[in-house]
Each structure stands twice: as structure tokens, then as C-alpha cells.
Amino acid sequence: MDCIGVIGYGHMGSMLVDGFLSSGVLGVDEVVVTSRRQESRDACAAAWPGIGIAATNSELARQCRTIILAVRPQEVKDVLHEIFPAMDGDEHIVSLAAGVGLTELEGLFSGSVTRAIPTITSTIGQGTTLVCHGRQVGMHDALRIEGLFSSIGNVMLVGEEELPAATILSSCGPGLLAAVIEELAGAAAHASSLSGDRALELATETAAATAAYLRETGETPGDLVGRVATGGGVTEVGVKGIRERLPEVFDEAVAAMLERYGAVGK
Ligand SMILES: NC(=O)C1=CN([C@@H]2O[C@H](COP(=O)(O)OP(=O)(O)OC[C@H]3O[C@@H](n4cnc5c(N)ncnc54)[C@H](OP(=O)(O)O)[C@@H]3O)[C@@H](O)[C@H]2O)C=CC1
Ligand SMILES: O=C(O)[C@@H]1CCC=N1
């Protein structure tokens, strides 16, 4: 049966199931899900009546030709070993795991392997899934996966050498920017009588409006700073401090993430 199997009903697995089914790109009779705990399988069955639930990873592998591995990087190897006897070699494995390379995946499964790195913002149909197909992936399978992920946001095809930096921007990015919004709002609330809740509401709306402004006008961030920071005014003193200190902060953060990226699946 040519259904889509999802192993791991955590943050990403549940987001993909919700997204694929809500968008209508798949029906419940075309998806089979499993997860380690019965509680997770029950949650999926309750959320999507009629969806296929497999009791084990091997049972899922026997039913599905396309298998999305939505487990943590350190679980990928064990799961592939577990399902291997249930596969006939014609399957298409799609791994979401950051830091587990195609060479390693193809060493564990010699058939078609794709890496797809989604982003939590696809929960609201926005953001970009990064897709990197292995050498064995045929046109039909490649287009099918790109079509599926297009139903929940943008898709960008990337070379594997680009994937670490692209992952930091696209998939870690929501976490990084959320932390920045939190710090900005916290600093404003701390220095004033504005409540924390109202500060966060304003900072979040401003971040969303700023991203939309940049996207819609095509201006660069530098252009926008120039428009906002009136000479001799308020913004320029804040931007000056940020431009002096943030490069070091982000250089360190990116270096630490790249280092972890290389070690996360080990
Ligand atoms: N979170 C993100 O924004 C992003 C994550 N990724 C990648 O997606 C993958 C999943 O991440 P995320 O969803 O955040 O992680 P979670 O921890 O939320 O989910 C992982 C799920 O895997 C299940 N699981 C663990 N071991 C097994 C097993 N042996 N068999 C079946 N199911 C198992 C767990 O099931 P149970 O709950 O039933 O115990 C858990 O729900 C990771 O590889 C990560 O690198 C990629 C891009 C973005
Ligand atoms: O933090 C992580 O490891 C995962 C991969 C990219 C985003 N979240």
C-alpha cells in the first residue's frame, strides 16, 4: 500500500500529520502513524478518527512505502535497524533528523533516502521546509515529498553542505527569534511601568509586522533601520549598541549550534 507512514508523534510528527490532513493533501486512509508510547498513539487516533495507527514501527514499515522518521537524531539508527527486516528495499525513507547525514542514512538503508528539515512555523502554514534528496531518490518520489511539504509552507531544495546553516535559519530560527522577542519585551518592561504581558504583546506584533514589512517592500534590514532611526533620535542609540554587541553574540551562538549539529546524532 502506497501510504505515508510517520514514526514518532512528537512535535514534528504531530505537526506534519495535522498539516497534511488539514490541508487535504492526504486523507486519513492514506496515513499510518506510530510512536513509542501508547499514549501518543491514542492521542493521534483521537485527533484524527479513521487514521491508521500501527502498534509497532515494523508493522508501520510493512504497510507503508514512504516512511517519515520523526524521531530524535539519536533514535534514528535504532529505528532503522528495527524496521529493516520489515522492508523490501523499495521504500522511500524521509528523515527529519538534524545532524544525521545522507551518507550515514544510506549506510543504514541502501534505498531511497531524503532529508527534510521542517520548521515549527508550518503549524500555521508558514516557514520553509529544507529538502535534500539522496542520489537514489527517483523523480516521482522527490516530487511527492516536495508536494507534501508544500502543503504546509514553502519548500527549499538545498545541497547537504548548505543544510547546517539553512537549518539554523529556518528551523532553529523560530526559537532564536522568540528568545530575542522575549528579551526585548523583558528589557522594556523591566525599565518601565509597562506590564510584562503588554510588553510581550507589543514586541510580538512588532516582530510580525517588521517581517511582513521587509517581505512586502523588499527593503533590506539596513534600509528599514535608516527609515526608523531618525538622525539624533531615539532608535539610533539602541541600534548602535546592538550593532556593536550582537555580532559577537550571534557568531558565538551560530558556532555553538554548528558544533552541536555535528554531534547531535552520535
Ligand atoms: N522541533 C523542531 O522544530 C524540529 C525538529 N527536527 C527534527 O525532527 C525530529 C523530531 O523532533 P521533535 O518532534 O522536536 O522531537 P520530539 O521529542 O517532540 O518527538 C520525537 C518522538 O519520537 C518518538 N519516539 C522516540 N523513540 C521512538 C521509537 N523508538 N519508536 C517510535 N517513536 C519513537 C517519541 O514518541 P513518544 O512521545 O511516543 O515517546 C517522540 O514523540 C528530530 O530528529 C529533530 O532533529 C527538525 C526540524 C525542526
Ligand atoms: O533543536 C533541534 O535540534 C531541532 C532541529 C532544528 C530545530 N530543532
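Residues numbered from 1 in each chain as written. Chains lettered and ligands numbered in written order. Predicted model: local features only at pLDDT ≥ 70, side-chain atom pairs only at ≥ 80, totals over all residues. Heavy atoms only, no water.

An unreviewed UniProt entry annotates the protein as Pyrroline-5-carboxylate reductase originating from Methanoculleus submarinus. Listed in UniProt under the heading Pathway (unreviewed entry), the comment for the protein reads: "Amino-acid biosynthesis; L-proline biosynthesis; L-proline from L-glutamate 5-semialdehyde: step 1/1." (UniProt positions renumbered as here; feature names shortened; annotations may be inferred.)

Colleague: A description of the environment of Phe20 should follow, citing residues and the corresponding values.
Modeller: Looking at where Phe20 falls in the secondary structure, it is placed in helix α1 (residues 11–23). By relative accessible area, which is 2% here, Phe20 ends up buried. With 132 residues separating them along the chain, Phe20 and Ile152 place their C-alpha atoms 7.0 Å apart. (Helix = DSSP H or I, 4+ residues; strand = E, 2+ residues; numbered from the N terminus. Buried < 20%, exposed > 50% of the residue type's maximum accessible area, 1.4 Å probe, protein only.)

Colleague: Run through the site of ligand 2, naming residues and quoting values.
Modeller: The local shell around ligand 2 consists of Ala98, Thr167, Ser171 and Cys172. Protein chains bury 44% of the 250 Å² of accessible surface belonging to ligand 2 in isolation. In this structure, ligand 2 is accommodated by the second largest pocket. Partitioned by chemical class, the residues of the shell around ligand 2 number two nonpolar, two polar and no charged. (Near = heavy atom within 4 Å. Areas by Shrake-Rupley, 256 points an atom, 1.4 Å probe, with all protein chains shown as cover. 1 Å grid on protein atoms, 1.4 Å probe; cavity = no way out; pocket = protein on both sides within 12 Å on 5 of 7 lines; lining within 4 Å. Sits in = over half its atoms within 2 Å of the grid points. Nonpolar A, V, L, I, M, F, W, Y, C, P; charged D, E, K, R; others polar.)

Colleague: Residues and numbers for the sheet that holds strand β3 (residues 52–53), please.
Modeller: As summarised here, the arrangement of the eight strands in space is β3-β2-β1-β4-β5-β6-β7-β8, forming an open sheet in which the pairing is mixed. The sheet terminates laterally at β3 and β8 (154–157), the two strands that pair on one side only. Note that strand β2 (residues 31–34) and β3 share two bridges and pair parallel. Within the sheet, the bridge partner assigned to Val32 lies in β3 and is Gly52. Relative to the sheet, helix α4 (residues 73–83) contacts β1 (3–7), β4 (64–69) and β5 (92–95), its axis offset from that of β4 by approximately 160 degrees. (Pairing = 2+ DSSP bridges. Contact = heavy atoms within 4.5 Å. Axes fitted to C-alpha atoms, helices over the stretch in contact; angles between N-to-C directions.)

Colleague: Requested: an account of α1, with residues and values cited.
Modeller: Between its first and last C-alpha atoms α1 spans 18 Å; for 13 residues at 1.5 Å apiece the expected length is 18 Å, and the two agree. When α1 is considered as a whole, its buried residues turn out to be Gly13, Ser14, Met15, Leu16, Val17, Gly19, Phe20 and Leu21. Looking at the residues trailing α1, positive phi occurs at Gly24, about 85 degrees. (Expected span 1.5 Å × (residues − 1).)

Colleague: Please give an account of the site of ligand 1 that cites residues and values.
Modeller: In the region of ligand 1, 23 residues are neighbours, and Met12, Ser35, Ser40, Val71 and Arg72 sit closest. Within the side chain of Arg36, one N or O atom sits 3.1 Å away from an oxygen atom of ligand 1. One nitrogen or oxygen atom from the side chain of Ser40 is found 2.7 Å from an oxygen atom belonging to ligand 1. Using a 2 Å cut-off from the grid points, one finds that ligand 1 occupies the second largest pocket. If you list the elements that add at least two residues to the shell around ligand 1, you get α1 and α4. (Polar contact = N/O pair within 3.5 Å; in protein donor to acceptor, adjacent residues only side chain to side chain.)

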